[in-house]
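Structural overview for review
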Amino acid sequence: MDRALVVGEGLLGCALVNALSEAGWTTIGSSRDAMSSKFFLNLTRPIPELPRVDTVYICAALANYKNCEGNSSAWVVNADAPVAIVRQCIERGMFPVFVSSDAIEFMSTAYTRMKSYAESCILPMGAAVVRPSKFTSENVDSLCRLMIRVGAERKPGVYRWS
């Protein structure tokens, strides 16, 4: 049975935890709330030792373009923390899947520069990068299906979804 850690508890992270569980994976969700029953993970702090799983999905992001401008916490959450998580995954034999954005291909904002930087560090390490276009509660299930396939196949590279 496959085991996964899902980093991020927004729309995508919550949907992915549910989709993985429905697909038969043993799933650990994370939370930045220390009082939560989930694995505590505050991306603005040093990354602790992650639970041993097969696949780690990094869905967390500060995605509001305007709030990323000049925000050092946004850089940590969108770039530094994902790179640290991927590094730990590779060192410990876990497969990382990083959620980026297709906007890095056609926009230049603080957010896309952060995601692009993270990708430039993560891809050479042997991670998978998923670049979704805008997703909503109506189409997130389709994105989750792609992410489950990527995590199950464990093949590094860039995967686009629209």
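So, a few notes on the structure that sits alongside this text. Each chain carries its own residue numbering, running from 1 in the written order of its sequence. Given that the model is predicted, a residue must reach a pLDDT of at least 70 before its local features are reported, and side-chain atom pairs must reach 80 or more before they are shown or counted; all residues, however, enter totals for whole chains, interfaces and linings. No hydrogens and no water enter the side-chain calculation; it runs on all heavy atoms of the structure.

1. Comments concerning the sheet that holds strand β4 (residues 55-58)
In this scheme, strands are said to pair when DSSP sees at least two bridges between them. Starting at the N terminus, helices and strands are each numbered in turn, a helix being any DSSP run of H or I of at least four residues and a strand any DSSP run of E of at least two. Reading across from one edge, β3-β2-β1-β4-β5-β6-β7 is the order of the seven strands in this open sheet, with parallel pairing throughout. For this open sheet the edge positions go to β3 (39-40) and β7 (157-161), each flanked by a neighbour on one side alone. Strand direction decides the pairing type here: strand β1 (residues 3-7) and strand β2 (residues 26-31), joined by four bridges, are parallel. Paired with Leu-5 across the bridge in β2 is Ile-28.

2. Quick word on the packing of helix α1 (residues 11-22) against helix α5 (residues 140-153)
One way to put it is that α1 packs onto α5 with a least axis distance of 9 Å and a crossing angle of 60°. Between α1 and α5, the interaxial angle falls into the category oblique. Handedness of the crossing formed by α1 with α5: right-handed. On the side of α1, the interface is formed by Leu-12, Ala-15, Leu-16, Ala-19 and Leu-20, while α5 contributes Val-140, Leu-143, Cys-144, Met-147 and Ile-148. Residue composition of the contact of α1 with α5, grouped by class: 10 nonpolar, no polar and no charged. An axis is simply a line fitted to the C-alpha atoms; with a helix, the fit covers only the stretch in contact. Between two such axes, the angle follows the N-to-C directions and lies from 0 to 180 degrees. Should an angle fall under 35 degrees it is taken as roughly parallel, and over 145 as roughly antiparallel, whereas 65 to 115 is taken as roughly perpendicular and any remaining angle as oblique. What makes a crossing left-handed is the near helix being turned counterclockwise from the far one by less than a right angle; a clockwise turn instead makes it right-handed. By definition in these notes, contact holds between two residues if any of their heavy atoms fall within 4.5 Å. Residues were grouped as follows: Ala, Val, Leu, Ile, Met, Phe, Trp, Tyr, Cys and Pro as nonpolar; Asp, Glu, Lys and Arg as charged; and all remaining residues, including Gly, as polar.

3. A closer look at a nonpolar patch on the surface
Residues Tyr-65, Phe-106 and Met-107 make up a contiguous nonpolar surface patch of roughly 290 Å² in combined accessible area. Looking at the element boundaries, Met-107 is found in the loop between β5 (95-99) and α4 (110-122). Any residue with relative accessible area above 30% and no salt bridge may belong to a patch, with like charges joined within 9 Å and the nonpolar Val, Leu, Ile, Met, Phe, Trp and Tyr side chains within 5 Å. Residue-level accessible areas treat just the shown protein chains as cover; the underlying method is Shrake-Rupley with a 1.4 Å probe. Salt bridge, as applied in this entry: a Lys or Arg side-chain nitrogen positioned within 4 Å of an Asp or Glu carboxyl oxygen.

4. So, unusual backbone geometry
Here Arg-154, not a glycine, exhibits a phi torsion of approximately 55°, which is positive. For Arg-154, the position within the fold is in the loop between α5 and β7. For Arg-154, a relative accessible area of 29% puts it in the partly exposed group. Categorising residues by exposure relies on relative accessible area from a 1.4 Å probe, with only protein chains included: less than 20% of the type maximum marks a residue as buried, more than 50% marks it as exposed, and the intermediate range marks it as partly exposed.

So yeah, pure geometry; function would need other evidence.
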